[in-house]
Amino acid sequence: MGTSSENAAGGGRGTAVPKEVDYANYFCTYSFLYHQKEMLSDRVRMDAYFNAVFENKHHFKDKVVLDVGAGSGILAIWSAQAGAKKVYAVEATKMSEHARALVKANNLEQVVEVIEGSVEDVTLPEKVDVIISEWMGYFLLRESMFDSVICARDRWLKPTGLMYPSHARMWMAPIRTGIVEQKLGDYQSAMGDWHNFVDETKAFYGVDMSTLAKPFAEEQRKYYLQATPDHVLACRDRIDMFYRVERSKSLHGNHFGLIAG
Ligand SMILES: C[S@@+](CC[C@H](N)C(=O)[O-])C[C@H]1O[C@@H](n2cnc3c(N)ncnc32)[C@H](O)[C@@H]1O
């Protein structure tokens, strides 16, 4: 998963936008080795995939594998080491060149073919037995790479094929942050200050400002109170949407153990 990528659209990221915008917003971070290194240094992530592959070698032995979003090529390399006869490692960014070098340095170029391009656009010469991908973003679905994996599944996975990972689970709970109470307090204190201001302006400068109390209250209400509930509502809608996506889209294939996002 990414740490700094923005959730851009296009190239499998929701609403279509020009490819160069998609690249600037999302893919460019993945074209840096430092970012791939961060992911490769994440022991929880690495151990989960490593164990999933090598504890299920029989799923890979003599099979054709597609690595969706290969990055440095680590999952493709493991798939080959686990006995795959052919691995297509599809990576959208120039990281594909480093992946190719890594494959060669590990003497796997006869098995792993690195293809630079969006998985939505590439054409493979055959259907595959296994799709492996690390597509999970923050809160599971951030980055929206899930759509690309589903697209790859629908285009290239054999009906009997397996998905790695095959399932994802989300846990969520409502929280109370106290932010609404804090904003209400700020609003009330702004209005208290207004009344002092009206009294003082009248006493010191002889002008009655009280007729502006209503528009000032309205202005302050919008500033302190309206922004927060909208924001809260937006989060709630998003959570609801994620929940519905989780319920309506599931990957298929056998269970193979847990991979945590
Ligand atoms: C979270 S990283 C995982 C990299 C590598 N598989 C690993 O586990 O270390 C996701 C990678 O997928 C690539 N990617 C995202 N969407 C893609 C798409 N639609 N087609 C091809 N590559 C994609 C990104 O550029 C990035 O390198």
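Use the structure listed above.
Residues numbered from 1 in each chain as written. Predicted model: local features only at pLDDT ≥ 70, side-chain atom pairs only at ≥ 80, totals over all residues.

Trainee: Quick question: what am I supposed to make of the site of the ligand here?
Mentor: Among the 25 residues in the neighbourhood of the ligand, the closest are listed as Y30, G69, G71, A92 and S148. A per-class count over the shell around the ligand returns 13 nonpolar, 9 polar and 3 charged. (Near = placed C-beta within 6 Å. Nonpolar A, V, L, I, M, F, W, Y, C, P; charged D, E, K, R; others polar.)

Trainee: How should the sheet that holds strand β3 (residues 112–116) be read in this particular structure?
Mentor: The pairing of strands in a sheet comes from backbone hydrogen bonds and takes either a parallel or an antiparallel form. Strand order in the open sheet formed by 5 strands is β3-β2-β1-β4-β5, and the pairing between neighbours is parallel. Two strands in the sheet have a free side with no partner beyond their single neighbour: β3 and β5 (157–164). Across the sheet, the axes of successive neighbouring strands diverge by a mean angle of 20°, strand direction being ignored. Here 4 bridges tie strand β4 (residues 128–133) to β5, and the two strands are oriented parallel to one another. Each bridged residue has a counterpart across the sheet, and for V130 the counterpart in β5 is L162. (Pairing = 2+ DSSP bridges. Helix = DSSP H or I, 4+ residues; strand = E, 2+ residues; numbered from the N terminus. Axes fitted to C-alpha atoms, helices over the stretch in contact; angles between N-to-C directions.)

Trainee: Would you mind going over the nonpolar core with me for this structure?
Mentor: Where a protein is soluble and globular, its nonpolar side chains tend to be buried together. The biggest cluster of nonpolar side chains holds 47 residues, and the ones touching the most others in it are V65, L66, A89, V128 and I131. Sequence-distant contacts of A89, that is, excluding residues within four places in its chain, are made with D67, A70, G73, A76, A99, V112, E113, V114 and I115. (Core = buried A, V, L, I, M, F, W, Y, C linked by C-beta atoms within 7 Å. Buried ≥ 20, exposed ≤ 12 C-beta atoms within 10 Å, placed from the backbone. Contact = placed C-beta atoms within 7 Å.)

Trainee: Just to check I follow, could you spell out the pairing of strand β2 (residues 86–91) for this structure?
Mentor: It is a general feature of regular strands that their side chains alternate between the two faces of the sheet. For β2, the tally of buried residues reaches 6 of 6 residues, placing the bulk of the element in the interior. Along β2, one buried face is formed by K86, Y88 and V90 and the opposite face, lined by V87, A89 and E91, is buried too. In terms of strand pairing, strand β1 (residues 64–68) meets β2 through 5 bridges, oriented parallel. When the bridges of β2 are listed, D67 appears paired with A89. Chirality of the crossover, the property in question, places the unit of β1, helix α4 (residues 74–81) and β2 among those that are right-handed. Of the strand pairs in this sheet, β2 and β3 are connected by 5 bridges, and their pairing is parallel. Looking at the pairing, V90 lines up with I115 of β3. In the classification by handedness, the crossover that spans β2, the intervening helix α5 (residues 95–105) and the parallel β3 is right-handed. (Right-handed = clockwise from strand over helix to strand, strands pointing away.)

Such coordinate-based values are descriptive only and should not be taken to indicate function.
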